[in-house]
Amino acid sequence: AAEAEAALFFSGNGLLAGAEPAAHCYCGHQFGSFAGQLGDGAAMYLGEVLGPGGERWEMQLKGAGITPFSRQADGRKVLRSSIREFLCSEAMFHLGIPTTRAGTCVTSDSKVVRDVFYDGNPKNERCTVVLRIASTFIRFGSFEIFKPPDEYTGRKGPSVNRNDIRIQMLNYVISTFYPEIQEAYSDNTVQRNAAFFKEITKRTARLVAEWQCVGFCHGVLNTDNMSIVGLTIDYGPFGFMDRYDPEHVCNGSDNTGRYAYNKQPEICKWNLGKLAEALVPELPLEISELILEEEYDAEFEKHYLQKMRKKLGLIQLELEEDSKLVSELLETMHLTGGDFTNIFYLLSSFSVDTDSSKLDDFLEKLTSQCASVEELKVAFKPQMDPRQLSMMLMLAQSNPQLFALIGTKANINKELERIEQFSKLQQLTAADLLSRNKRHWKEWLEKYRVRLQKEVESVGDADAWNTDRVKVMNSNNPKYILRNYIAQNAIEAAENGDFSEVRNVLKLLEHPFQDAEGFREVKEDEEEEGATAAAAACAEETRSRLPYCSKPPLWASELCVT
């Protein structure tokens with residue numbers, strides 16, 4: 001009965017006592033251009049709940065139907081995207097990364113038509129509603145509703161010249177979510193607003209540093225997807241990076257790579273600049289721009305390096321050379337196509353006194369987490385039609401101005417690089433690749449050993465230090481993350497009526513740092529066991545798949561999320 005009641009409320013079919021549904025109006029810079037009014041096109045506030053400790057939680061249904069801001073859309077979400085959001089919100093929380101939470105995921109037999117890849121192949125998908133929970137869903141874009149006509153797009157916010165509302169919003173945000181700042185500067189509004197902007201700058205910098213350290217790519221870092229309290233918000237075409245590639249783009253519709261993994265820190269800084277513009281005149285730009293310049297990069301670098309030291313088990317000393325060791329590790333990972341998560345996870349089993357036979361064993365383990373010749377061929381497969389490419393190259397020669405205007409220079413260079421890599425791969429044997437990878441890793445491990453040696457020399461008890469080091473590493477390097485292929489397996493089973501895989505994956509993501517060898521499949525309640533034969537077969541197939549901590553199978557590279 002309780003489950004039926006929950007399904008009634010959290011599908012949007014029944015109203016909880018005291019709920020006052022509302023949709024939130026905001027604007028945003030999308031892919032760098034001001035888009036004007038956007039707003040919650042598929043999300044509805046139910047209201048706030050006060051927790052036992054006095055903490056406030058806003059509850060929101062995503063996918064419950066049309067809102068005043070749905071524009072041409074139907075306000076619905078489907079099972080596929082809802083499962084991804086549900087699992088990723090929880091994965092991030094258990095990784096210790098600030099995030100909105102997911103409370104429930106309710107699906108139905110109602111269907112909507114979706115063209116998943118925008119390629120003219122629409123299909124029917126189940127309507128699904130996710131309950132989202134956060135202290136607030138206010139975004140940078142919430143303050144952009146006051147924006148006068150944009151000089152590039154001509155679009156403007158719906159509340160131009162309503163500084164009274166901006167003041168009201170600032171008062172609400174600061175007194176509710178930054179009460180210590182409100183108290184400290186109760187008699188000086190500009191100083192109070194500056195302190196608030198400094199705090200959200202630092203929170204955002206730390207948040208992105210956390211993302212970079214687990215290989216998380218958000219996918220759509222528009223200003224309307226940036227939280228005013230520094231949470232990860234709006235899970236769409238996100239992805240955890242498998243093979244380390246600094247230029248990894250997880251969003252299939254991000255053609256220019258604006259939101260690539262290595263661009264996330266600078267993009268979030270750019271977004272803070274847009275928030276600063278949106279706070280004028282309540283916070284003059286000369287003050288906020290100075291804060292952004294002084295605080296953001298320094299806070300990002302500091303937090304990133306602190307976290308990376310923990311991931312490498314450098315728990316005793318903080319040395320100048322550490323950031324070079326980290327960048328050389330990433331460079332080695334990039335050269336060898338190493339799996340970002342698994343290589344970090346393995347490093348805790350390397351020790352200062354690893355002798356040459358143990359070193360060989362360790363190198364075997366490391367190189368087994370590097371990309372195979374087959375995987376590299378898929379990764380570097382040329383993507384452009386050769387005729388299109390040669391036309392572009394001819395244009396670059398004959399009319400450089402026009403070529404520059406088209407703005408595809410970076411894409412062309414990337415494609416030429418792919419072609420070069422791809423042709424080199426044709427000659428490469430698996431044995432050559434292995435010995436090359438071992439050579440790269442051996443070089444880096446030597447530097448790592450020297451650095452660990454300095455740790456040992458600075459402590460009295462080397463054994464106690466090593467125990468602590470391994471403990472710190474194992475609580476900062478997850479064994480399990482929500483890889484795309486794992487989410488995809490769970491989605492396919494669910495689309496066939498079997499939700500046990502979603503529950504399995506959720507259980508796993510709740511303990512990302514644990515060695516879950518003792519982890520067993522969660523069994524559905526008996527009445528749900530009557531799932532169709534197709535679903536049972538699908539689940540059977542899921543069970544015989546790779547362990548959840550494996551680097552992805554070859555088919556996973558074909559997965560495209562838009």
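Residues numbered from 1 in each chain as written. Predicted model: local features only at pLDDT ≥ 70, side-chain atom pairs only at ≥ 80, totals over all residues. Heavy atoms only, no water.

Looking at where Ser227 falls in the secondary structure, it is placed in the loop between strand S8 (216-217) and strand S9 (239-240). Residue classification places Ser227 among the buried residues on the basis of a relative accessible area of 3%. At 3.0 Å, the side chain of Ser227 forms a polar contact with the backbone nitrogen of Val229. When near neighbours in sequence (up to four residues on either side) are disregarded, Ser227 contacts Ile138, Arg139, Phe140, Ile200 and Ile233. (Helix = DSSP H or I, 4+ residues; strand = E, 2+ residues; numbered from the N terminus. Buried < 20%, exposed > 50% of the residue type's maximum accessible area, 1.4 Å probe, protein only. Polar contact = N/O pair within 3.5 Å; in protein donor to acceptor, adjacent residues only side chain to side chain. Contact = heavy atoms within 4.5 Å.)

In this section: the pattern of salt bridges. Evaluation of the coordinates by the stated rule reveals 36 salt bridges. Put simply, Lys202 and Glu295 hold a salt bridge, and the shortest N to O gap is 3.9 Å. Note that Lys202 is positioned in helix H5 (residues 189-214) and Glu295 in helix H7 (residues 285-312), a separation of 93 residues in sequence. The residue Asp339 makes a salt bridge to Arg483 at a minimum N-O spacing of 2.9 Å. One end of the pair, Asp339, is in the loop between helix H8 (322-336) and helix H9 (340-346); the other, Arg483, is in the loop between helix H16 (462-474) and helix H17 (484-495), with 144 residues separating them in the sequence. The pair Asp339 / Arg483 is uniform in exposure class, with both members buried. (Salt bridge = Lys/Arg side-chain N within 4 Å of Asp/Glu carboxyl O.)

Relative to the elements of secondary structure, Asn193 occurs in helix H5. Assessed through its relative accessible area of 1%, Asn193 is described here as buried. Sequence-distant contacts of Asn193, that is, excluding residues within four places in its chain, are made with Leu170, Ile174, Glu282 and Leu283.

Turning next to a negative patch on the surface. A contiguous patch of negative charge on the surface is contributed by Asp353, Asp355, Asp360, Asp361, Asp461 and Asp463. The topology assignment puts Asp353 in the loop between H9 and helix H10 (356-368). With relative accessibility at 63%, the residue Asp353 sits in the exposed group. (Patch = residues over 30% accessible without salt bridge, like charges linked within 9 Å, V, L, I, M, F, W, Y side chains within 5 Å. Areas by Shrake-Rupley, 256 points an atom, 1.4 Å probe, with all protein chains shown as cover. Lys, Arg positive; Asp, Glu negative; His and termini not counted. Charge placed at Lys NZ, Arg CZ, Asp CG, Glu CD.)

Turning next to the packing of helix H2 (residues 79-94) against helix H18 (residues 500-509). For the pair H2 and H18, interaxial distance at closest approach is 9 Å and the crossing angle is 20°. Overall, the two elements H2 and H18 adopt an arrangement that is roughly parallel. Helix-helix and strand crossings are classified by hand; for H2 and H18 the assignment is right-handed. For the pair formed by H2 and H18, the contact residues are Ile83, Phe86, Leu87, Glu90, Ala91 and His94 on the first element and Val502, Val505, Leu506 and Leu509 on the second. Looking at the contact of H2 with H18 residue by residue, the classes come out as 8 nonpolar, 1 polar and 1 charged. (Axes fitted to C-alpha atoms, helices over the stretch in contact; angles between N-to-C directions. Parallel < 35°, antiparallel > 145°, perpendicular 65-115°, else oblique. Left-handed = near helix turned anticlockwise from the far one by under 90°. Nonpolar A, V, L, I, M, F, W, Y, C, P; charged D, E, K, R; others polar.)

Here we take up the packing of aromatic side chains. Enumeration according to the criterion identifies 18 aromatic pairs in this entry. Seen from their ring centres, Phe350 and Phe362 are 5.4 Å apart, and the 40° between their planes marks the pair as tilted. A residue pair is termed long-range when its members are at least 10 positions apart, and Phe350 in the loop between H9 and H10 and Phe362 in helix H10 qualify at 12 residues. For the pair Phe350 and Phe362, one class covers both residues: buried. Aromatic rings pair up to connect Trp211, Phe216, Tyr235, Phe238 and Phe240 into one cluster. The residue whose ring lies beneath Arg84 is Phe238, and the NZ or CZ to ring-centre distance is 4.1 Å. The ring of Phe34 is capped by Lys147, whose NZ or CZ atom sits 5.3 Å from the centre of that ring. (Phe/Tyr/Trp six-rings, centres within 6.5 Å; stacked < 30°, edge-to-face > 60°. Lys NZ or Arg CZ within 6 Å of the ring centre and 35° of its normal.)

In this model, helix H6 (residues 264-278) (15 residues) spans 21 Å end to end at C-alpha, consistent with the 21 Å of a helix rising 1.5 Å per residue. Counting buried positions along H6 gives 11 out of 15 residues, so the element sits mostly inside the fold. Along its buried surface, H6 packs onto strand S1 (27-30), helix H3 (163-177), H5, S8 and H7. (Expected span 1.5 Å × (residues − 1).)

Of all hydrophobic cores here, the largest spans 115 residues; its most connected members are Phe143, Phe197, Leu312, Leu347, Leu445 and Tyr448. Element by element, the count of residues in this core is highest for H5, at 12 residues. Composition of this core by domain shows at least three residues from each of domain 1 (170-306) and domain 2 (326-382 + 413-477). Once residues lying within four places of it in the same chain are set aside, the contact partners of Leu312 are Leu325, Val326, Leu329, Phe344, Leu347, Trp444, Tyr448, Leu452 and Met473. Formed by 11 residues, the second largest nonpolar core is a distinct cluster that contains Phe9, Phe10, Ala19 and Val106. (Core = buried A, V, L, I, M, F, W, Y, C linked by side-chain atoms within 4.5 Å. Domains from an automatic or database assignment.)

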